[in-house]
Amino acid sequence: MNYLRTAMLLAGLTALFMGVGYLIGGASGAVIALVIAAATNLFTYWNSDRMVLSMYGAHEVDRSTAPELVGLVAELAGRAGLPMPRVFLMDEMQPNAFATGRNPENAAVAVTTGLMNQLSREELAGVIAHELAHIKNHDTLLMTITATIAGAISMLAQFGMFFGGNRDNNNGPGIVGSILMMILAPLGAMLVQMAISRTREYAADNLGARIAGQPMWLASALVKIEGAAHQVPNYEAERNPATAHMFIINPLSGHGVDNLFATHPSTQNRIAALRELAAELGTQVAPSVGANENYPPRGPWGRSSSRGSSRGPSRGPWG
């Protein structure tokens, strides 16, 4: 259902984009709009990851510079059936994280120093698993495309304001229509983009919890990150609000309930969904998730989660 909703929203965003092009230049305007979108998406497909990582001053780490973090990412990526992504660290006090990259083979996971300092290892595992779920679901590319199309709609709407719509016939929007288009088209694109973002966050929470093996690890992390987002400003995110949807929690502000202008679902709703998943899985200890062979019945630390097994009592990630 999440995928169907995402496809419908993306189709609506594309239709809005071509509709704006049609109002500006008729049928040829719609085609030109489509070409512009394709060219812009082609550029962001190859460069978006480097652009956003550079924007936040993220530096790459490896097993020699951040052995615990890189080792944790490698273990969880193995459980998810993903290639090892590149790992980046941002010198930022606000605890947060995001994933980027055009596909799983060229993906990156970036976390802040605040996240490393304020979360337990279990909670960190939940966050990283969530970001790996975005990579596995190809959300990093999807959100890049939606952000690009939304930006192009805003650009076209402003362009249409100067030209007064389609001049090939008498059916153009005129001055009043052009003003409305300039205001409503970007607003509609923003709403669709945010709706897609919220849908993908729920899907990543669910899959990420299954990858980590314990939904409440992520739930606990979300509570801490949400609380810190209200108190610790992320100045780089404030300067680049268009990237807010990439983070696991909105780095700009928090909201108590879902609404049209939220880039993320409410944290309370996400935690409720994770509690339902934990009840479905039937245990508060790192559980087996059933028949899916991608997620074996063990925690991400390599030990069986069953107490009293031949391998001894279960252990947490701290060993």
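Residues numbered from 1 in each chain as written. Predicted model: local features only at pLDDT ≥ 70, side-chain atom pairs only at ≥ 80, totals over all residues. Heavy atoms only, no water.

Residue-level account of the sheet that holds strand β4 (residues 107–112), with values.
If you trace the four strands from one edge of the open sheet to the other, you get β1-β2-β4-β3, paired in mixed fashion. Either end of the sheet is taken by a strand with one partner, and the two such strands are β1 (59–61) and β3 (97–101). Each neighbouring strand pair of the sheet contributes to a mean axis angle of 35 degrees, computed without reference to strand direction. Pairing of strand β2 (residues 86–90) with β4, which is carried by five bridges, proceeds in the parallel orientation. Following the sheet pairing, Leu89 is matched in β4 by Val111. (Pairing = 2+ DSSP bridges. Helix = DSSP H or I, 4+ residues; strand = E, 2+ residues; numbered from the N terminus. Axes fitted to C-alpha atoms, helices over the stretch in contact; angles between N-to-C directions.)

Could you give an account of the nonpolar core, naming the residues involved and the relevant values?
Counting 47 residues, the largest nonpolar core has Leu69, Leu115, Val127, Ile128 and Leu132 as its most contacted members. Mapped by element, the contributors of at least two residues to this core are α2 (67–80), β2, β3, β4, α4 (121–136), α6 (174–212), α7 (215–231) and α9 (267–281). Once residues within four sequence positions are removed from consideration, Leu132 is found in contact with Val73, Leu76, Ala77, Leu82, Pro85 and Val109. Judged by nonpolar contacts, the second largest core, of twelve residues, contains Met90, Ala108, Ala237 and Phe247. (Core = buried A, V, L, I, M, F, W, Y, C linked by side-chain atoms within 4.5 Å. Buried < 20%, exposed > 50% of the residue type's maximum accessible area, 1.4 Å probe, protein only. Contact = heavy atoms within 4.5 Å.)

Quick rundown of empty space enclosed by the protein? Include the residues and the values.
Taken as a whole and judged by the stated rule, the model has two cavities of 30 Å³ or more. Each pocket or cavity is described by its volume, and for the second largest cavity that value is around 30 Å³. Thr44, Tyr45, Ser48, Gly101, Arg102, Thr140, Leu141 and Thr144 are the residues that line the second largest cavity. Secondary structure elements with two or more residues in the lining of the second largest cavity: α1 (2–55) and α5 (139–163). Considering only residue class, the lining of the second largest cavity consists of two nonpolar, five polar and one charged. (1 Å grid on protein atoms, 1.4 Å probe; cavity = no way out; pocket = protein on both sides within 12 Å on 5 of 7 lines; lining within 4 Å. Points joined across faces, edges and corners; volume = space filled by probe spheres on them. Nonpolar A, V, L, I, M, F, W, Y, C, P; charged D, E, K, R; others polar.)

An account of the pattern of salt bridges is requested, with residue identities and associated values reported.
Counted under the stated rule, the structure contains seven salt bridges. When the shortest N-O distance is used, the salt bridge between Arg270 and Glu201 registers 3.3 Å. Of the two residues, Arg270 is situated in helix α9 and Glu201 in helix α6; the sequence distance between them amounts to 69 residues. Just as Arg270 is buried, Glu201 falls in that class too. Salt-bridge contacts for Asp205 lead to Arg270; the nearest nitrogen and oxygen are separated by 2.8 Å. Linking Asp205 in helix α6 with Arg270 in helix α9, this pair joins segments that are 65 residues apart in sequence. The pair formed by Asp205 and Arg270 is uniform in burial state, with each residue classed as buried. A single network of salt bridges, built from pairs that share partners, joins Glu201, Asp205 and Arg270. (Salt bridge = Lys/Arg side-chain N within 4 Å of Asp/Glu carboxyl O.)

So what's going on with α7? Which residues, and what values?
Its 17 residues give α7 an end-to-end C-alpha distance of 26 Å, which sits within 8% of 24 Å, the value for a rise of 1.5 Å per residue. Looking at α7, one finds that the buried residues are Pro215, Met216, Trp217, Leu218, Ala219, Ala221, Leu222, Ile225, Glu226, Ala228 and Ala229. A distance of 3.0 Å separates the backbone nitrogen of Met216 from a side-chain oxygen at the start of α7, and that oxygen is part of Gln214. (Expected span 1.5 Å × (residues − 1). Polar contact = N/O pair within 3.5 Å; in protein donor to acceptor, adjacent residues only side chain to side chain.)

Account for the packing of aromatic side chains, naming residues and giving values.
Tallying each qualifying case throughout the model produces three aromatic pairs. Taking 6.0 Å as the distance between ring centres and 55 degrees as the angle between the ring planes, the aromatic pair formed by Tyr56 and Phe98 counts as tilted. Here Tyr56, found in the loop between α1 and β1, pairs with Phe98, found in strand β3; they are 42 residues apart in sequence, far enough to count as distant. Aromatic side chains Tyr56 and Phe247 sit 5.3 Å apart centroid to centroid with 75 degrees between the ring planes, which places their arrangement in the edge-to-face category. With Tyr56 in the loop between α1 and β1 and Phe247 in the loop between α8 (235–239) and α9, the pair connects residues that are 191 residues apart, well separated along the chain. With respect to class, Tyr56 is no different from Phe247; both count as buried. (Phe/Tyr/Trp six-rings, centres within 6.5 Å; stacked < 30°, edge-to-face > 60°.)

Could you give an account of the packing of α7 against α9, naming the residues involved and the relevant values?
Remark: α7 packs on α9, axes separated minimally by 8 Å, with the N-to-C direction vectors making an angle of 165 degrees. Classified by the interaxial angle, the pair formed by α7 and α9 is roughly antiparallel. For α7 against α9, the interelement crossing comes out left-handed. Here α7 contributes Pro215, Met216, Leu218, Ala219, Leu222, Val223 and Glu226 to the contact with α9, which in turn contributes Thr267, Arg270, Ile271, Leu274, Arg275, Leu277, Ala278 and Leu281. For the contact of α7 with α9, the per-class residue count stands at eleven nonpolar, one polar and three charged. (Parallel < 35°, antiparallel > 145°, perpendicular 65-115°, else oblique. Left-handed = near helix turned anticlockwise from the far one by under 90°.)

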